[in-house]
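Summary of the model geometry
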Amino acid sequence: MLYAFPSLKWMQSTWAGVDSIFGNLDRAKPLPSYKLTRFAGTFGVHMREYVIGHIIAWERTFDELREDQAKKQWHGLLRANYRLLSSLSIGILGVGDIGKHVAEACKVFGMTVWGLVRQDLPKEKRSPHVDHYRQIDGLCELLQNCDYVCNVLPSTSLSRGLLNGNMLENCKQKKSVFINIGRGDVISEQTLMGALRKEWISGAVLDVFPTEPLAEDSELWDMKQVKITPHISAISFPEEVADIFSENYEKYVKGEELNYVVDWEQGY
């Protein structure tokens, strides 16, 4: 399909991620010459609500309170042992459009925000909601300092397997909670389960997985400290897709630079 229209000048994707498109590239052929734009600019609002909702639910033990209610048990002293978000830190892996939205929401609650980026950013391109920027060589430091670690990275050659091996051992002092709303291949399922069993991290909130849907026999389903959602932290609302396409179409007919252009060489 990617090579079926030789006169094609521009293709608009309806998804933020483009790894499925790149997965269908014929590596024996030159890269497509037409422009590819992704759906962006709206998912950040969806995903920041997902992240904040899960952090609050985790800190205020909503799941445990529901279990208490079902058992008609009153554990006032036990459940009153919570932390304020303003005392916590979060590391956001990938501070692009979505990551900046997550950072802004976390900063509203007073969290200390760390951000991982591919390359050093000039001051004017940095988010005012990120307190500490680090590049890949500073990943260990970021993990060591954050109560929550939220992956927003797309699937690229640089991000795939980034958290494999013993990388999450850097979280063991903070006992971080890992949130994944980016792409599942940033860490293997076995590596993640190992980090949970060794208590390098205290829990995980997972919306994406290396293989989807998650297999029924995956041990992740039965791990009490894991929350699983079926890749719904952000969905494409038709009206939002139409707005993005309409704005880009107007730019296209005017010969202006399109929004959210994908770099065929970089893969995102």
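Below or above, wherever it landed, is the structure these notes cover. (Residues numbered from 1 in each chain as written. Predicted model: local features only at pLDDT ≥ 70, side-chain atom pairs only at ≥ 80, totals over all residues. Heavy atoms only, no water.)

**Considering the overall build of the chain**
For clarity, the threshold we go by: Note on conventions: DSSP H or I runs of at least 4 residues are helices, E runs of at least 2 residues are strands, and numbering of each starts at the N terminus. It is over C-alpha atoms that the radius of gyration is taken, and the globule rule equals 2.2 Å times the number of residues to the power 0.38. Between buried and exposed lies partly exposed: a residue is buried under 20% and exposed over 50% of the maximum accessible area for its type, with that area taken using a 1.4 Å probe on protein chains only. It only takes one pair of heavy atoms within 4.5 Å for two residues to be counted as in contact. Only the protein chains shown count as covering a residue, and every accessible area follows the Shrake-Rupley method with a 1.4 Å probe.
What the chain contains, in helices and strands, is 8 helices and 9 strands. Against the globule reference of 18 Å for 268 residues, the chain gives a C-alpha radius of gyration of 20 Å, in line with a compact fold. Taking the principal axes of the C-alpha coordinates as reference, the chain spans close to 65 × 40 × 40 Å. Across the 268 residues of the chain, 43% fall into the buried class. Across the chain, contacts joining residues at least 24 apart in sequence account for 68% of those joining residues at least 6 apart. Working note: accessible area of the chain is about 14,900 Å², and carbon and sulfur atoms make up 52% of it.

**Details of the pairing of strand β6 (residues 148-151)**
The side chains of a regular strand alternate between the sheet's two faces. Where we set the bar: Strand pairing follows a simple DSSP-based rule, namely that at least 2 bridges must link the two strands.
Burial along β6 is two-sided: Tyr148 and Cys150 facing one way and Val149 and Asn151 facing the other are all buried. In this structure, strand β3 (residues 89-93) lies alongside β6, joined through 4 bridges in parallel fashion. Its bridge partner lying in β6, Gly91 is registered against Val149. As paired elements, β6 and strand β7 (residues 177-180) share 4 bridges and run parallel to each other. When the sheet's bridge partners are listed, Val149 is paired in β7 with Phe178.

**Some words on the packing of aromatic side chains**
In plain terms, the rule: Pairing of aromatic rings covers Phe, Tyr and Trp, the last through its six-membered ring, and needs centres within 6.5 Å; plane angles under 30 degrees mean stacked, over 60 mean edge-to-face, and all others mean tilted. By definition, being over a ring means that NZ of Lys or CZ of Arg is both within 6 Å of the ring centre and within 35 degrees of the ring normal.
Scanning all chains against the criterion turns up 6 aromatic pairs. Ring plane angle 25° and centroid distance 5.4 Å describe the contact between Trp10 and Tyr252, whose orientation is recorded as stacked. Here Trp10 is found in strand β1 (residues 10-12), whereas its partner Tyr252 is found in helix α8 (residues 238-254), with 242 residues between them in sequence. Judged by its relative accessible area of 13%, Trp10 is buried. When its relative accessible area of 36% is taken as the criterion, Tyr252 is described as partly exposed. The structure contains a cluster of three or more aromatic residues connected by ring pairs, namely Trp10, Phe245, Tyr249 and Tyr252. Residue placement shows Arg60 over the ring face of Tyr82; its charged tip is 3.6 Å from the ring centre.

**Here we look at the sheet that holds β6**
We count it as follows: The angle between two axes is taken between their N-to-C directions and runs from 0 to 180 degrees, where each axis is a line fitted to C-alpha atoms and a helix contributes only its stretch in contact.
The 7 strands are arranged β5-β4-β3-β6-β7-β8-β9 in an open sheet whose pairing can be described as parallel. Each edge of the open sheet carries a strand with a single partner, namely β5 (132-134) and β9 (226-228). On average, adjacent strands in this sheet sit at an angle of 15° to one another, irrespective of strand direction. Sheet analysis places β7 next to strand β8 (residues 203-206), joined by 4 bridges and oriented parallel. Among the inter-strand pairings, Val177 is bridged to a residue of β8, identified as Gly203.

**Observations concerning a negative patch on the surface**
We apply this condition: Nonpolar side chains (Val, Leu, Ile, Met, Phe, Trp, Tyr) within 5 Å and like charges within 9 Å form the patches, drawn only from residues with over 30% relative accessible area and no salt bridge. Each reported salt bridge corresponds to a side-chain nitrogen of Lys or Arg within 4 Å of a carboxyl oxygen of Asp or Glu. Charge counting treats Lys and Arg as positive and Asp and Glu as negative, with His and both chain ends excluded. Working definition for charges: the position is that of NZ of Lys, CZ of Arg, CG of Asp or CD of Glu.
A cluster of acidic residues, Glu239, Asp243, Glu247 and Glu250, forms a negative patch on the protein surface. Positionally, Asp243 belongs in helix α8. Classification of Asp243 as exposed rests on a relative accessible area of 52%.

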